[in-house]
Amino acid sequence: MKYCFYNELVTCLANKNMASNKTSLKKTSHKFTLKQFIWNGFNFTVGIPFLGSLALLADRQRTDPSTGKIINEGAYGLGFHIIWIFLLMGIIASICAYAFAKLSRYHKQDDNGGAYIFARSSFGRFVGFLILFLNYIIMPMVLSNQILMFVKANFDPSMSAGDPNASYWWCDWTKHLHNWSYLAYDLIGLALAVVFALVAFFGAKTYKKVAKYSLLIKWASSGFLVAFGIVAAALPVNSNNAVDWAQNSNFNFSHFLSAFCACFYYFTGFEAFASAGSTVKEPEKNVSKGIMIVMILSVGFYISMIIVFMFAQSVMMQNINTGFWIVLTNANNSHWFHWLIYAGPIIMIVSTIAMRGNIISQAALYGGTTLQPMSTEGYISNKFSELNHEGFPIGAMKLHITISLITIGMWAIIPDIIVGIVGPKANFININTIISAASVFYIIIYAIILLAVIKYALERCMKNSLLEWFLYPLALISLIVVVFDHFYDLFHNAINIGGVNNIAALAVEMSFFLICAIFITSVYFGYYKRKYRLRMINHPNNQQKLNYEFRTLDGWSFLKGKFYLSAINFFNKRNRLVNENYEDLSDPIFRTKYKEISNNFLNKTKKQLMQYLKYSEYIQHHNEKAGFNVKKEIFENNQEAVKFLSQLQKQIRTKPSNYLYLKDLRK
């Protein structure tokens, strides 16, 4: 029987009484394991509909030989270049994700977490409010995206089948709507969205059931699509697709930047669970590890799906869910494929409703939980800070739905009315327009977080490795270049190229950004500052208590996690050594090897402790400049750290007389 080190390790790490341990166990029994954390993060980040963007990004602009009309107008034609572009985006997003994970170690995670608390503690209230607002306003934009693609993606012939003049069995009725079809699609989608948004108001039990079954339908139907994608890729008739994608590309730097801005959106979402330390077991190691694993899985998922469907078809449709079946059937004369004309769209229509319904119900809840901190801080009315008995901010959720309806009107309903009056040529708002705008907001958030982690390193509150000093500025510069190019293209297309669509796209997006800027500045300086002054006069203690939540932590909990991992590694090595066939554990060879691994462990933990004590001093100065007195808190943590390491070292220095004890345990 092998020697088990766990009892010994528990003895080393026990610093609290039994009552505290029981309370801690009770609090953490329902926390996510690493596997659950990764599964939730992966579901939140990826989805098969991302393939629809390849219709414009990877596919090339073509002319229909029968009609002479241009198909996929404005397509970039990046071809196989889109693979390494997605890989590069995944690397940049992973650098941002690591910055989030690192900052989460030095900030309180059981209350208002995420980008907001990082920005507020680094750059003050105004930047914090800016990040909080941008982080929130993305949700109504995402909801608008879901509305645009809820029904339209399945029933609009130009998106579903690739031929705007075609009529297929599942969308025959749309020919009677003419220019008003888009409005009809989006009104139906809006009605369905309201139904899913109201799910959270029926309580946590109903909400969890809807989330569970909608995810089940999402992945079952996505698996159906992927399975036939693999089948199509293996068919001889599609053997030349890969060569076609490789040869017919129109790569240039401008198209690369446009693709980066449009598709970076698909790697976002990790900021929502980057601060989930209070819901995860052993957050010191699992949060950062889980985030990076999710990013790696996401990159692998996206690239593998791109390769499969590029081998499967030579033409990409903006909606892969239904257009794929048309392409697959037309490319194969076998009657065996004809049933897919009916089965494919039915399954994917159900998939669309389940998948987008799940996102909409999540957005209703998370939109409310994002608005709730605004109320707690005083940026909006206090009545939106109240929670029901299940912890749901019902008032904030109602406000979120109201704001979402206004946003949907701007991004979907009003443009649809214009299309109905003017005609399809006025269709200047589409899924890529919203995705690009949302990507810009995400990029701004990530850029500020990268600046925060660089600022903390310059102030010596945390340590960056040489690799981090290279990667953080690289990611920051890349994001700045992409945003600059996005706005340059908007103005260039509107001024130099002209046209109703280009001018309208510039006007809509810039109007939205301008409205956001006016709202942020007016609310902060016109409403919050006045409320803050009154609070400081009438309830100064409440404000000081609130501010204290935004102090920078000294990283002691993370250091304990490091000690734990180091101890695990040491005990594993010691167990392997003890379980070697030494007849006498006092053998000089055994003692030499044991002393070597012991000294390595002790030197490593001592170095970790000294580094912690050094940087905790700078963190104390940082907090004092921000008005937070944490001297006592850091002093107590330092004392506990020294005592903790002393106990651990004492346990490691096993005396020769204990070797027989170890030998007995080994039997």
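Each remark here, short or long, concerns the structure printed above.
Below is a summary of the structure that appears in this document.

**Brief notes about the side chain of His486**
Within the secondary structure, His486 is located in helix H20 (residues 466-497). Within the local environment of His486, its side chain forms a polar contact with the side chain of Glu509, the two groups lying 2.4 Å apart. Ignoring sequence-local partners within four residues, the contact set of His486 consists of Cys261, Ser436, Val440 and Glu509.

**What about the pattern of salt bridges?**
Counted according to the given criterion, the structure contains four salt bridges. Put simply, Lys102 and Glu468 hold a salt bridge, and the shortest N to O gap is 3.0 Å. One end of the pair, Lys102, is in helix H5 (residues 81-104); the other, Glu468, is in helix H20, with 366 residues separating them in the sequence.

**Observations concerning a nonpolar patch on the surface**
The grouping of Trp180, Ile417, Ile421 and Val422 at the surface amounts to a nonpolar patch, some 380 Å² of accessible area in total. With respect to the helices and strands, Ile421 occurs in helix H18 (residues 394-422). Look at Ile421 and you get exposed, because its relative accessible area is 62%.

**With respect to the environment of Tyr618**
Among the secondary structure elements, Tyr618 is positioned in helix H24 (residues 588-625). When its relative accessible area of 25% is taken as the criterion, Tyr618 is described as partly exposed. Distance from Tyr618 to Asp554, taken between C-alpha atoms, is 9.0 Å for residues 64 residues apart in sequence. Setting aside residues up to four positions removed in sequence, Tyr618 forms contacts with Glu459, Arg460 and Cys461. Of the polar contacts made by the side chain of Tyr618, one reaches the side chain of Arg460; its length is 2.7 Å.

**Focus on a positive patch on the surface**
A cluster of basic residues, Arg460, Lys463, Lys562, Lys573, Arg576, Lys604, Lys607 and Lys614, forms a positive patch on the protein surface. Elements with a contribution of two residues or more to the positive patch: helix H23 (556-578) and H24. Position of Lys463 relative to the elements: it lies in the loop between helix H19 (431-458) and H20.

**Points about the nonpolar core**
Ile82 and Phe86 are the most contacted members of the largest nonpolar core, which totals 140 residues. Those residues in contact with Ile82, other than ones at most four positions away along the chain, are Leu54, Leu57, Ala58, Ala259, Ile306 and Met310. Ranked by size, the runner-up nonpolar core spans 19 residues in total, among them Leu559, Phe571, Tyr594 and Leu609.

Parameters and conventions
- Residues numbered from 1 in each chain as written.
- Predicted model: local features only at pLDDT ≥ 70, side-chain atom pairs only at ≥ 80, totals over all residues.
- Heavy atoms only, no water.
- Helix = DSSP H or I, 4+ residues; strand = E, 2+ residues; numbered from the N terminus.
- Polar contact = N/O pair within 3.5 Å; in protein donor to acceptor, adjacent residues only side chain to side chain.
- Contact = heavy atoms within 4.5 Å.
- Salt bridge = Lys/Arg side-chain N within 4 Å of Asp/Glu carboxyl O.
- Patch = residues over 30% accessible without salt bridge, like charges linked within 9 Å, V, L, I, M, F, W, Y side chains within 5 Å.
- Areas by Shrake-Rupley, 256 points an atom, 1.4 Å probe, with all protein chains shown as cover.
- Buried < 20%, exposed > 50% of the residue type's maximum accessible area, 1.4 Å probe, protein only.
- Lys, Arg positive; Asp, Glu negative; His and termini not counted.
- Charge placed at Lys NZ, Arg CZ, Asp CG, Glu CD.
- Core = buried A, V, L, I, M, F, W, Y, C linked by side-chain atoms within 4.5 Å.

By themselves, these are just geometric observations and shouldn't be taken as functional.
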